[in-house]
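What the coordinates show
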Amino acid sequence: MKTQTELKKEVALAACQQLTPGMLLGIGTGSTIDLFIEAMAEMGVLPRAAVSSSERSTERLRALGVEVWPLDRLEAPLDLYIDGADEVDPQACLIKGGGAALTREKIVASASRRFLCLVDASKEVSVLGSFALPVEFLAIAQRPVFWALQALGGEPRLREGVITDNGNPVVDVHGLRIAQPADLEDRINAIPGVVENGIFARHRADEVLVATPSGVLRRHRPATS
Ligand code: 5RP
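Residues numbered from 1 in each chain as written. Predicted model: local features only at pLDDT ≥ 70, side-chain atom pairs only at ≥ 80, totals over all residues. Heavy atoms only, no water.

Quick notes on the sheet that holds strand β11 (residues 199–200)
Read across the sheet, 3 strands follow the order β4-β5-β11 without closing on themselves; strand pairing throughout is antiparallel. Lying at the two open borders of the sheet, with one neighbouring strand each, are β4 (87–88) and β11. (Pairing = 2+ DSSP bridges. Helix = DSSP H or I, 4+ residues; strand = E, 2+ residues; numbered from the N terminus.)

Points about the site of the ligand
Near the ligand there are 17 residues, and of these Ser31, Thr32, Asp86, Lys96 and Gly97 occur at the shortest range. Here an oxygen atom of the ligand and a backbone polar atom of Gly99 are 3.2 Å apart. Notes on the ligand: free accessible area 380 Å², of which the protein chains cover 91%. Split into classes, the residues belonging to the shell around the ligand amount to 3 nonpolar, 8 polar and 6 charged. (Near = heavy atom within 4 Å. Polar contact = N/O pair within 3.5 Å; in protein donor to acceptor, adjacent residues only side chain to side chain. Areas by Shrake-Rupley, 256 points an atom, 1.4 Å probe, with all protein chains shown as cover. Nonpolar A, V, L, I, M, F, W, Y, C, P; charged D, E, K, R; others polar.)

Quick word on the pairing of strand β7 (residues 133–137)
For β7, the tally of buried residues reaches 5 of 5 residues, placing the bulk of the element in the interior. Residues of β7 alternate between two faces, with Leu133, Val135 and Phe137 on one and Pro134 and Glu136 on the opposite face, all of them buried. When β7 meets strand β9 (residues 169–174), the two strands line up antiparallel, connected through 4 bridges. Counted as the bridge partner of Leu133 is Val173 from β9. The sheet contact formed by β7 and strand β10 (residues 194–197) spans 3 bridges and is antiparallel. The partner of Glu136 across the bridge, within β10, is Glu196. (Buried < 20%, exposed > 50% of the residue type's maximum accessible area, 1.4 Å probe, protein only.)

Structure below.
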């Protein structure tokens, strides 16, 4: 039986096959992406430059000699954004933010032509929401943000001791069954004081590579939804 880390390594290696020389890459955050960064170095397919979604990934990229650019250096969208996820539904909508990098991740995804998501099979769900939904918010707005999240049917729990790279706290919202991800993504982002939430429906993945015990599967997002 393969471990989750072995599966993450396999999907990281599989993603390297989609890279071509001279690419400008958007790079996500998390343990899968740490393995992907290592895999790019192992396979000799490091990008020309990258835009990173976190200080953590920036450090790892720079340690390998990759130039990390700010978004405002781009003259056109990035070729490809590569990131992990906490949950993936059949429409390739995601929950992200387990690593508290959701806001920058969504910004870099929005600045990319294509989003390739790397997961192991344990992340696949029929409906999003078993993984508590991360929401980054402004500290001064904690009370009203929590009330509004409760009114949406969730149970907000502050992520103790965590401050994002943007200097804000994160709340994990338990107990949501997210059958209409795009609608809930918009509703949560309309709450005053919310910076961003971890539903990626407006910026869902174009392709998901899923590491299973019998190999890596490619799932393209359905065209009609
Ligand atoms: C970070 C994220 C990660 O992509 C997500 O938490 C998955 O992490 P891992 O690859 O460690 O399982 O959204 O904010």
